[in-house]
Structure formats: structure tokens, C-alpha cells
Amino acid sequence: MLRPRLRLWFPASLPLVTALACAEGDGAGSSFSGGSAAITSATVSSTGAGSTGETSDETTDAGESDGGSATDPGTSGDGTSTSTTGGGTTGNPNGLPNGSECTDPAMCMSGNCYTIPLPINDLPAGICGVCDEDQDCVDAGLGISCSVDVAGYTSKCTDGALGSFCQSQAACKDGLYCQELIPGVGGLLPMSCSECRDDGDCPGSARCTPKIDVDAYNGNKYCAQPGSVANDEMCPLEGGDAVCLSGHCTVVDVGGLIMAGVCGECSTNADCGGGTCTAGKWSDGFVGSVCG
């Protein structure tokens, strides 16, 4: 089984219409791709430091406890579904096990071919998993959200904790919100269970700020306190200077597809004491502006 290096790419000429779509219940077996067999485009950034909404490392598959896991009657011992899924596909007893590459749900023992919403240039079109849409998890009694399982190289059902992917509000725990990570790019990035929707959900002068963790394949919007976000991490596109430790939040253009606010060393040459302010960029992660 392949375990490729986690690496994202951004073809500048890719039109927006070919991006992944967060379509609910499309029935094609891929909950985030609208049935597409091709992985195409997305964005990532470093995890926000010092936030009150750090992505949880404790999210586990629903039905699991510290003492082990409970096998649902509708699943096999390895968690593969043996019944009709919410997407309308039926498990194939002679199909591929979870973690195998796939292009169609019928290829999988579970009947679920999951397309990773954050596209990687050396990953396959899909991976057999316990789910490929949120409803699969609900139907099997394994959770409420279908998310990516990086360690297992497959999909998993979660209880909708912070950072879980979601297709609707129903896939998030109470008190969390199913949100676009960056306004206007919901077709490029998966939606995620987040701490806030906008600044109104944050206390005092905290700002609702996005972050995406490259290695963990998750992200969320959280309430960032003023001066708490380090360089190379995301900040609100509008008026985000205050959340940056440096006081400088500038726009990074990712392949003409995504405009993201990123904290950096400077906004103009005047901030560099006679030096030159070089704009931020994407390079296996966001890199903020630097003085040179």
C-alpha cells in the first residue's frame, strides 16, 4: 500500500470549475468531489500558534474508547461496511480492503471510495474507506462526520470534533460550525467543524481566523487573540494586522485561485529599515512577507 509524501500543488491555469465541490449526498461515492475521479486543487497553511482553538489531536473515530473499539453490527471486523451506504452503493465482499486505491465505490469491500478533499499530486483518485460521505457514518452508527484518516491512509468516521471535515452543520458537535476555511473557496477546500463563523462568535477583540494543518490534513476557523499569530501563519484577509505578532498581515496569491492572508515581517519597504519587502508566497506551505 502506498504511503506517499503529503504534498500539495497548485496549477495556476486550473479553472475554478474543475475544483472539488462539497456536494451533499451526491450518490457518486465521493462526498467532497461531486463524483469526480480526479484530484485537482486546494490550499494549506501552518497551524496557528497560541490560539484558543487548536485543532484537536484527540479526535477519534466514533464508537472508540480508550479501552478499545466497538465493532458496529453493520461492519466487518476492520470497519468496512457490509450494508448499503448513504450514497446508494453496496459493499462488495470480493472488493478491495480499506486503504486500497480506487476510482469507483463498487471496487471497494466497503462500497465507499473516498476522495481526499485536499489534493496531493502523488495520491490516487480515491481510497477505499469506511465512509465517503457523512451519512455513511450516521447510517452505520459510527459517528456524524466522514473525515480523512492520514495515519491509516483511508477515511474515518468522527464525532464531529474541531477540525473534522463536514458537509453540513449536522456533521459537527454542538457549539461548532461547519464552515468554509477561506471565504469564497468552498469549492476548493473541504468545509470544517470550526470554533467560529465570524468575529461575532469570538470574545472581545479576538478575530475569527482560518488555519490548515498540512501534515494532519485538517483545519478550522478559530478565535485568534491580538498579537498571537506567528509569521507564516494565516490571518483574516480584512484588517488582520492586529492578530499578527509582527503587526503585518499581507495577501498571498496561490496560483490565482486562492487569496489568503498570511502574517509576515513587513507590508511595505518602509517596514524594512532601508531594505526591501518581498511579498509572501506558497512554497510547500504559506511563507509570509520578508525583509531583505
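Residues numbered from 1 in each chain as written. Predicted model: local features only at pLDDT ≥ 70, side-chain atom pairs only at ≥ 80, totals over all residues. Heavy atoms only, no water.

**Details of the overall build of the protein chain**
Okay, so step 1: Along the protein chain, the regular secondary structure elements total 1 helix and 19 strands.
Okay, so step 2: The 292 residues of the protein chain split such that 52% are buried.
Okay, so step 3: Residue pairs at least 24 apart in sequence account for 56% of intrachain contacts in the protein chain once pairs closer than 6 positions are excluded.
Okay, so step 4: Accessible surface computed for the protein chain: about 12000 Å², of which carbon and sulfur atoms make up 51%. (Helix = DSSP H or I, 4+ residues; strand = E, 2+ residues; numbered from the N terminus. Buried < 20%, exposed > 50% of the residue type's maximum accessible area, 1.4 Å probe, protein only. Contact = heavy atoms within 4.5 Å. Areas by Shrake-Rupley, 256 points an atom, 1.4 Å probe, with all protein chains shown as cover.)

**Points about the state of the cysteines**
Two cysteines, two sulfur atoms, one covalent bond between them: this is a disulfide.
Okay, so step 1: Summed over all chains, the structure comprises 12 disulfides.
Okay, so step 2: Through a disulfide, C166 is tied to C178; the S-S separation comes to 2.1 Å. Taking the sign of the S-S torsion, 105° for the link of C166 and C178, the bridge is right-handed. With a gap of 12 residues between them, C166 in strand β8 (residues 165-166) and C178 in strand β9 (residues 177-179) connect regions that are remote in the sequence. A single burial state applies to C166 and to C178, both of which are buried.
Okay, so step 3: Each sulfur in the disulfide pair C266 and C277 lies 2.1 Å from the other. Its S-S torsion of approximately 90° makes the covalent link between C266 and C277 right-handed. Here C266 is found in the loop between β15 (258-263) and β16 (277-278), whereas its partner C277 is found in strand β16, with 11 residues between them in sequence. We note that C266, like C277, is buried. (Disulfide = S-S within 2.5 Å.)

**Remarks on the pattern of salt bridges**
Pairing between side chains of opposite charge can happen when their charged atoms approach one another.
Okay, so step 1: Counted by the stated rule, this structure contains 3 salt bridges.
Okay, so step 2: Across the salt bridge formed by D159 and K173, the nearest N and O atoms sit 3.3 Å from each other. Of this pair, D159 sits in the loop between β7 (154-158) and β8 while K173 sits in the loop between β8 and β9, and the two are 14 residues apart along the sequence.
Okay, so step 3: A relative accessible area of 28% means that D159 is categorised as partly exposed.
Okay, so step 4: Here R197 makes a salt bridge to D201, at a shortest N to O gap of 2.9 Å.
Okay, so step 5: Taking relative accessible area as the criterion, R197 reaches 40% and is therefore assigned partly exposed.
Okay, so step 6: A relative accessible area of 25% means that D201 is categorised as partly exposed. (Salt bridge = Lys/Arg side-chain N within 4 Å of Asp/Glu carboxyl O.)

**What about the environment of D136?**
Okay, so step 1: Looking at the element boundaries, D136 is found in helix α1 (residues 134-140).
Okay, so step 2: Taking relative accessible area as the criterion, D136 reaches 5% and is therefore assigned buried.

**Things to note about the sheet that holds β8**
Okay, so step 1: Spatial ordering of the open sheet is given by β8-β10-β9, a layout of 3 strands whose pairing is antiparallel. A single partner strand is all that each edge strand has here, and the edge strands are β8 and β9.
Okay, so step 2: Two elements, β8 and strand β10 (residues 191-194), share 2 bridges in a ladder whose sense is antiparallel. Counted as the bridge partner of F165 is S192 from β10. (Pairing = 2+ DSSP bridges.)

**Focus on unusual backbone geometry**
Okay, so step 1: Located in the positive-phi region is Y153, a residue other than glycine, with phi close to 55°.
Okay, so step 2: Of the residues examined, Y153 reaches a relative accessible area of 6% and is grouped as buried.
Okay, so step 3: Even without being glycine, D232 reaches a positive phi, approximately 75°.
Okay, so step 4: As for its placement among the helices and strands, D232 is situated in the loop between β12 (218-224) and β13 (234-235).

**Examining the confidence of the model for the protein chain**
Okay, so step 1: Here the protein chain shows a mean pLDDT of 73. Residues at 70 or above account for 65%.
Okay, so step 2: Strand β2 (residues 68-69) is the least confidently modelled element of the protein chain, averaging 34 in pLDDT, while β16 averages 98, the highest of any element. (pLDDT = per-residue confidence, 0-100.)

**Looking at the nonpolar core**
Okay, so step 1: Counting residues in each nonpolar core, the largest one holds 14 residues, and the members touching the most others are I182, L189, V254, I258, A260 and F286.
Okay, so step 2: If you list the elements that add at least two residues to this core, you get β14 (249-254) and β15.
Okay, so step 3: Tallying contributions element by element places β15 first for this core, with 3 residues. (Core = buried A, V, L, I, M, F, W, Y, C linked by side-chain atoms within 4.5 Å.)

**Quick word on the sheet that holds β14**
Okay, so step 1: Ordered by their spatial adjacency, 3 strands build an open sheet running β13-β15-β14, and the pairing between neighbours is antiparallel. The open sheet is flanked by β13 and β14, the only strands paired with a single partner.
Okay, so step 2: Bridging between β13 and β15 involves 2 bridges; their strand directions are antiparallel. Bridge pairing links M234 to V262 in β15.

**Quick notes on the packing of aromatic side chains**
Okay, so step 1: Applying the stated rule across the entire model yields 1 aromatic pair.
Okay, so step 2: Judged by centre distance (5.3 Å) and plane angle (85°), the ring pair of W282 and F286 falls under edge-to-face. The same class applies to W282 as to F286, namely buried. (Phe/Tyr/Trp six-rings, centres within 6.5 Å; stacked < 30°, edge-to-face > 60°.)

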